[in-house]
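Topology and contacts: notes
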Amino acid sequence: MTASKLLVVSCLFLALLLVQVNAQGLKVGFYGKTCPKAEGIVRKVVFAAMKKAPTLGAPLLRMFFHDCFVRGCDGSVLLELKNKQDEKNAVPNLSLRGFGIIDDSKAALEKVCPGIVSCSDVLALIARDAMVALEGPSWEVETGRRDGRVTNISEVNLPSPFDNITKLITDFGTLGLDEKDLVVLSGGHTIGIGHCPLMSNRLYNFTGKGDSDPSLDSEYAAKLKLKCKPTDTTTALEMDPGSFKTFDVSYFALVAKRRGLFQSDAALLDNSKTRAHVLKLARPHGSTFFHDFGVSMVKMGRIGVLTGRAGEIRKTCRVPN
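Residues numbered from 1 in each chain as written. Predicted model: local features only at pLDDT ≥ 70, side-chain atom pairs only at ≥ 80, totals over all residues. Heavy atoms only, no water.

Before going further, it helps to examine the environment of Pro214. Turning to its location among the elements, Pro214 is positioned in the loop between α8 (200–204) and α9 (218–227). For Pro214 and Arg258, which are 44 residues apart along the polypeptide, the C-alpha to C-alpha distance reads 9.6 Å. (Helix = DSSP H or I, 4+ residues; strand = E, 2+ residues; numbered from the N terminus.)

Structural data, given as structure tokens:
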């Protein structure tokens, strides 16, 4: 093994070790004695909101993902600074919606159990409950996180819809997530929408020569071109055409047919391990997607958490105490 490869392996091992050590303070039912109604309170708020606006499911799921990938799952994506130099104002986060649901959940919790439940745990619970409201998977959420006090726009360096498979595997691996987690969590694209600017290069100028991405099914590309003209900056595209409001396995079937919307979706076929997971999860019968999604969400929810006496329990989620 070369020195550079050894260094990469060592870094990944240390990252995984850090995740495991910090996560030891988490457990299912953490608030069982201090705020036994906590999960029920959050669920009630989420279900009421999702009934009125079911399209909030995708942004709420993405919010948890974006929180965990920057500084760990510490609620830093919720913080607001007067100078706007916070994570919330970073370009990838400008499309996040549903912050009012976090506020409403926290306010309801503060009435019953003041100063007990962290905003980072609220966000983790909401991500799960939003999926349940869409008749998607459910899983037991580990709680016990505490809230961070820092948010910095310059630290937002999230996996991109334009990433290739090597970068995706590296970015996820650095945080203790493996190839299966990458594929399973990408399955979150079964709900929600993207917009034409994220597809423009794939359709019209993939290599700078006015061409389309050859990894994109030509028939699907032709349909997308009818919706997205080269200068279109506003038109929305269903991430999972035909069932973008439903949490199901059809996303993987589309990726397997080279009809993934983003380059990062198509990239899942460019590695033998990730490709095998895509094909397995695409099965219409016997797919383990719902179960696997819960497992990977729990794993992601352990990234860089603050527990014990670290951090704080915010009184309101938009500002530190």
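Continuing now.
A few words now on the UniProt feature "binding site: Ca(2+) 1" (unreviewed entry) in the protein chain. According to UniProt, the feature "binding site: Ca(2+) 1" (unreviewed entry) maps to Asp67, Val70, Gly72, Asp74, Ser76 and Glu87 in the numbering used here. These annotated residues cover 21 residues of sequence, and their C-alpha atoms lie no more than 12.5 Å from one another, placing them together at a single site. On the secondary structure map, Gly72 appears in the loop between α3 (57–68) and α4 (99–112). Along the chain, Glu87 falls in the loop between α3 and α4. The exposure class assigned to Glu87 is buried, which follows from its relative accessible area of 0%. (UniProt positions renumbered as here; feature names shortened; annotations may be inferred. Buried < 20%, exposed > 50% of the residue type's maximum accessible area, 1.4 Å probe, protein only.)

Sequence separation between Glu87 and Val77 is ten residues, and the spatial gap between their C-alpha atoms is 5.3 Å. Beyond its immediate chain neighbours, meaning those up to four positions away, Glu87 contacts Val70, Arg71, Ser76, Val77, Asn93, Val150, Thr151, Asn152, Ile153 and Val156. (Contact = heavy atoms within 4.5 Å.)

Another point: the domain arrangement of the protein chain. Domains assigned within the protein chain are domain 1 (27–157) and domain 2 (165–300). The straight-line distance from the C-alpha centre of domain 1 to that of domain 2 is 25 Å. Facing the 18 residues of domain 1 at the interface are 14 residues of domain 2. When domain 1 packs against domain 2, close to 1400 Å² is buried across both sides, 83% of that on carbon and sulfur atoms. Connecting domain 1 to domain 2 are zero salt bridges. Counting every contact that joins domain 1 to domain 2 gives zero residue pairs in polar contact (both at pLDDT 80 or more). Looking at the side of domain 1 that touches domain 2, the elements with two or more residues in it are α3 and α5 (119–133). (Domains from an automatic or database assignment. Buried area = accessible area lost by both parts, 1.4 Å probe. Salt bridge = Lys/Arg side-chain N within 4 Å of Asp/Glu carboxyl O. Polar contact = N/O pair within 3.5 Å; in protein donor to acceptor, adjacent residues only side chain to side chain.)

What the rule picks out here adds up to four disulfides. Here Cys119 pairs with Cys317 through a disulfide, and the sulfurs are 2.1 Å apart. In this structure, the disulfide formed by Cys119 and Cys317 twists by about -95° around the S-S bond and is classed as left-handed. Of this pair, Cys119 sits in helix α5 while Cys317 sits in the segment after α13 (289–300); the two residues are 198 residues apart in sequence, bridging distant segments of the chain. What makes Cys119 buried here is its relative accessible area of 0%. A residue is classified by how much of its surface remains accessible, and Cys317, at 2% relative accessible area, is buried. The disulfide partner of Cys196 is Cys228, and the S-S distance across this bridge is 1.9 Å. Where Cys196 bonds to Cys228 through sulfur, the torsion about that S-S bond is close to -75°, and the disulfide is left-handed. A residue pair is termed long-range when its members are at least 10 positions apart, and Cys196 in the loop between β3 (193–195) and α8 and Cys228 in the loop between α9 and β4 (236–238) qualify at 32 residues. Judged by its relative accessible area of 1%, Cys196 is buried. Residue classification places Cys228 among the buried residues on the basis of a relative accessible area of 2%. By sequence order of its bonded cysteines, the protein chain has the disulfide arrangement 1-4, 2-3, 5-8, 6-7. (Disulfide = S-S within 2.5 Å.)

Under the UniProt annotation, the feature "binding site: Ca(2+) 2" (unreviewed entry) is placed at Thr190, Asp240 and Asp248. A maximum C-alpha distance of 9.4 Å among these annotated residues, which run over 59 residues, shows that they cluster at one spot. Looking at the element boundaries, Thr190 is found in the loop between α7 (179–186) and β3. What Thr190 contacts, discounting residues up to four positions off in sequence, is Asp240, Ser243, Phe244, Thr246, Phe247, Asp248, Ser250 and Tyr251. As for its placement among the helices and strands, Asp240 is situated in the loop between β4 and α10 (250–256). Here Ser250 takes part through its side chain, which lies 2.6 Å from a polar atom of the side chain of Asp240.

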